[in-house]
Amino acid sequence: MTTGLVWFRSDLRLGDNPAWAEATALHERVVALFVIDPGLWDGSGAARRNQLGAHLVALDDSLGQWGGRLLVRRGDPVEAVLEAARGADAVYWNDDVTPYAARRDRAVRSELDGRERVHDGRYVHAPGQILTSAGEPYRVFTPFHRRWAAEPWAPLPEPGEARVAGDPGGGVPDLPPAVMPGGEAAALVRLAAAVDRADDYDEVRDRPDLDATSRLSADLKFGTLSPRTAARDIGDESAGRRSLVRQLAWRDFYAQVMHFHPDTTARSMRREYDSIAWRDDPEALAAWQAGLTGYPIVDAGMRQLAAEGWMHNRVRMIAASFLVKDLLVDWRLGERHFRRLLVDGDVAQNVGNWQWVAGTGTDAAPYFRVFNPVLQGKRFDPNGDYVRRWVPELGDLDGAALHAPWMLGPLELETAGVVLGDTYPPPIVDHAEARDAAIAAYEAARG
DNA sequence: TTTTGAGTTGTTCGA
DNA sequence: GTCGAACAACTCAAA
């Protein structure tokens with residue numbers, strides 16, 4: 001009787017899981033392992049930790065259908081995997097793209113004497129599969145997407161029977177309840193809900209007041225949802241559905257950027273921008289983190305992040321742009337903050353998008369494109385409902401006027417109970433001046 | 001090798 | 001209020 005060890009990481013599902021599928025097909029006995037890595041655990045906010053805990057409980061449960069348990073270990077992942085691999089004939093996992101994961105996996109692999117079986121399960125098309133006609137990785141999204149969309153793919157068939165080791169099992173940490181029900185079945189329910197709403201996705205996705213995005217980011221991050229299953233179920237029957245699948249292509253795009261350029265976690269993709277004279281301003285950074293910049297749409301987003309571990313995508317761009325361009329604070333500090341708190345915090349996606357906003361990355365926004373937080377607020381939160389939800393001290397201001405409270409007359413402010421500098425801060429920077437300063441700093445770095 | 005067309009998400013200014 | 005142009009040239013990808 002042979003034994004296969006499946007090392008679960010960011011792929012906490014049994015359906016369309018290539019590592020699981022092969023291990024259960026080839027071995028009479030399978031051991032399912034998850035390692036809680038203290039370094040990653042301590043770097044995660046409560047939202048992500050609790051969600052991970054809920055997913056582990058659910059995965060443990062679903063292994064119970066074959067009398068099995070999920071073996072959960074806490075500690076150095078290399079040691080834990082090698083220990084669990086002692087009695088195994090082969091070790092299965094799905095590949096990851098971050099530099100930390102790549103280093104970790106190399107260390108494990110070097111001790112396994114060829115017993116490792118590494119699969120691609122995190123992306124529709126794994127890094128390296130979509131290349132230019134010259135065999136190079138793409139640096140621009142649109143041609144990448146054309147090639148990506150032309151490449152065939154399909155989720156695996158439903159998983160078959162398995163004989164899963166049942167002992168010792170356990171070890172899932174006892175945690176406060178997660179925001180979302182854990183596990184693969186719950187993720188598929190969320191996918192179905194997103195698919196139902198997908199036809200007008202392209203028209204409403206930028207409206208944080210409507211909360212009309214798919215909300216699938218965390219399931220894709222943990223792998224409770226397979227991106228291939230998602231792409232299949234969304235389909236291409238409407239502009240909204242195609243637009244949603246395109247977001248999965250962005251996810252693959254940034255994964256391959258990270259795969260081929262792992263140093264972009266710490267360095268600008270465009271090297272000249274490593275010399276931008278960022279401001280060292282801990283107070284400004286703290287005000288941004290606390291949602292006290294005096295720009296309501298930014299503050300609403302930062303408070304949603306702190307409270308929910310999630311922020312609407314449009315507001316992520318506005319808040320990120322504000323830190324980088326208005327406060328001229330190094331994008332890496334913002335990236336770190338987002339990554340810690342976001343329930344969907346994913347290195348490749350977070351770094352790719354921050355570098356896009358900062359204008360320092362592959363296929364990035366031009367440096368002179370600076371978001372105006374007041375205009376963005378009025379355009380995408382036209383009635384102010386999103387701000388009202390997260391910045392209640394402005395709640396009695398009427399309509400879109402709440403996006404620039406400092407422009408209001410004393411009577412209007414007084415009627416709404418707003419005292420700038422007391423109940424709500426005045427803007428910590430003047431946007432027009434900050435914009436000019438940012439463009440000047442970028443031009444100086446360009447030489 | 002050279003050429004050519006094209007490029008997620010914006011803002012501001014002046015007519 | 002609405003519209004087009006300027007912003008700044010540059011890099012990428014494919015023919």
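Thresholds applied
Residues numbered from 1 in each chain as written. Chains lettered and ligands numbered in written order. Predicted model: local features only at pLDDT ≥ 70, side-chain atom pairs only at ≥ 80, totals over all residues. Helix = DSSP H or I, 4+ residues; strand = E, 2+ residues; numbered from the N terminus. Rg over C-alpha atoms; globule rule 2.2 N^0.38 Å. Buried ≥ 20, exposed ≤ 12 C-beta atoms within 10 Å, placed from the backbone. Contact = placed C-beta atoms within 7 Å. Pairing = 2+ DSSP bridges. Axes fitted to C-alpha atoms, helices over the stretch in contact; angles between N-to-C directions. Core = buried A, V, L, I, M, F, W, Y, C linked by C-beta atoms within 7 Å. Near = placed C-beta within 6 Å. Nonpolar A, V, L, I, M, F, W, Y, C, P; charged D, E, K, R; others polar. Domains from an automatic or database assignment. Right-handed = clockwise from strand over helix to strand, strands pointing away. Parallel < 35°, antiparallel > 145°, perpendicular 65-115°, else oblique. Left-handed = near helix turned anticlockwise from the far one by under 90°.

Participant: What is the right way to read the overall build of chain A from this model?
Facilitator: Counting its regular elements, chain A contains 20 helices and five strands. Computed over its C-alpha atoms, the radius of gyration of chain A comes to 23 Å, within 12% of the 22 Å expected for a compact globule of 447 residues. Residues classed as buried in chain A amount to 47% of the 447 residues present. Long-range pairs, those at least 24 residues apart, make up 76% of the contacts in chain A with a sequence separation of at least 6.

Participant: Before we go on, may I ask you to explain the sheet that holds strand S2 (residues 29–36) in this structure?
Facilitator: Sheets are built from strands paired through backbone hydrogen bonds, the pairs being either parallel or antiparallel. An order of S3-S2-S1-S4-S5 is seen for the five strands of this open sheet, with the pairing classed as parallel. Because the sheet does not close on itself, it has two edges, and the strands there are strand S3 (70–74) and strand S5 (116–119). Taking each pair of neighbouring strands and ignoring which way they run, the sheet shows an average axis angle of 25 degrees.

Participant: Looking at this structure, I do not really get the nonpolar core. What am I missing?
Facilitator: One recurring pattern in soluble globular proteins: nonpolar side chains tend to sit buried together. Formed by 117 residues in total, the largest nonpolar core has its most connected members in Leu5, Val6, Trp7, Ala32, Leu33 and Ala319. Setting aside its immediate chain neighbours within four residues, leucine 5 contacts Val31, Leu33, Ala84, Ala85, Ala88, Val91 and Tyr92.

Participant: When you look at the protein's contact with DNA strand C in this model, what are you seeing that I'm missing?
Facilitator: Every residue lining DNA strand C is accounted for by Thr132, Ser133, Glu136, Tyr138, Arg139, Val140, Pro143, Arg147, Pro366 and Phe368. Tallied by class, residues from the surface near DNA strand C come to five nonpolar, two polar and three charged.

Participant: What is the right way to read the protein's contact with DNA strand B from this model?
Facilitator: Around DNA strand B sit 17 residues in total, of which Phe141, Thr142, Trp250, Asn372 and Leu375 are the nearest. Contributing elements (two or more residues each) for the surface near DNA strand B: helix H6 (141–150), helix H16 (347–358), helix H17 (373–380) and helix H20 (431–446). Grouping the constituent residues of the surface near DNA strand B by class yields ten nonpolar, four polar and three charged.

Participant: I would appreciate a short explanation of the domain arrangement of chain A in the present structure.
Facilitator: How big an interface is tends to be expressed through the accessible area that disappears when the partners come together. Split by domain assignment, chain A resolves into domain 1 (3–121), domain 2 (123–156 + 184–260) and domain 3 (271–446). Relative to domain 3, the C-alpha centre of domain 2 lies at a distance of 26 Å. Of the residues lining the interface, 16 residues belong to domain 2; the matching set on domain 3 comes to 19 residues. For the side of domain 2 that touches domain 3, the secondary structure elements donating two or more residues are helix H9 (217–222) and helix H11 (239–260). Among the elements that make up the side of domain 2 that touches domain 3, the one with the highest residue count is H11 (five residues).

Participant: What is the right way to read the environment of glycine 64 from this model?
Facilitator: Within the secondary structure, glycine 64 is located in the loop between helix H3 (46–63) and S3. Among the residues examined, glycine 64 registers 14 C-beta atoms within 10 Å and is labelled partly exposed. Sequence separation between glycine 64 and alanine 25 is 39 residues, and the spatial gap between their C-alpha atoms is 18 Å.

Participant: What am I meant to see in the pairing of strand S1 (residues 3–8) here?
Facilitator: Sheet faces and side chains relate simply in a regular strand, where the side chains alternate between the two faces. Of all six residues that make up S1, five are buried, and the element is covered over most of its length. Strand direction decides the pairing type here: S1 and S2, joined by six bridges, are parallel. For phenylalanine 8, the partnering residue across the bridge sits in S2 and is phenylalanine 34. Running through helix H1 (residues 18–26), the crossover from S1 to the neighbouring parallel element S2 is right-handed. Note that S1 and strand S4 (residues 90–94) share three bridges and pair parallel.

Participant: So what exactly am I meant to see when it comes to the packing of helix H10 (residues 227–234) against H11 here?
Facilitator: The geometry of a pair of packed helices is captured by two quantities: the angle between their axes and the separation between those axes. The N-to-C vectors of H10 and H11 enclose an angle of 165 degrees; their axes lie 9 Å apart at closest approach. Judged by the angle between their axes, H10 and H11 are roughly antiparallel. By crossing handedness, the relation of H10 to H11 is classed as left-handed. In this structure, H10 contributes Pro227, Ala230, Ala231 and Ile234 to the contact, and H11 contributes Arg241, Leu244, Val245, Leu248 and Arg251. Residues belonging to the contact of H10 with H11 are distributed by class as follows: seven nonpolar, no polar and two charged.

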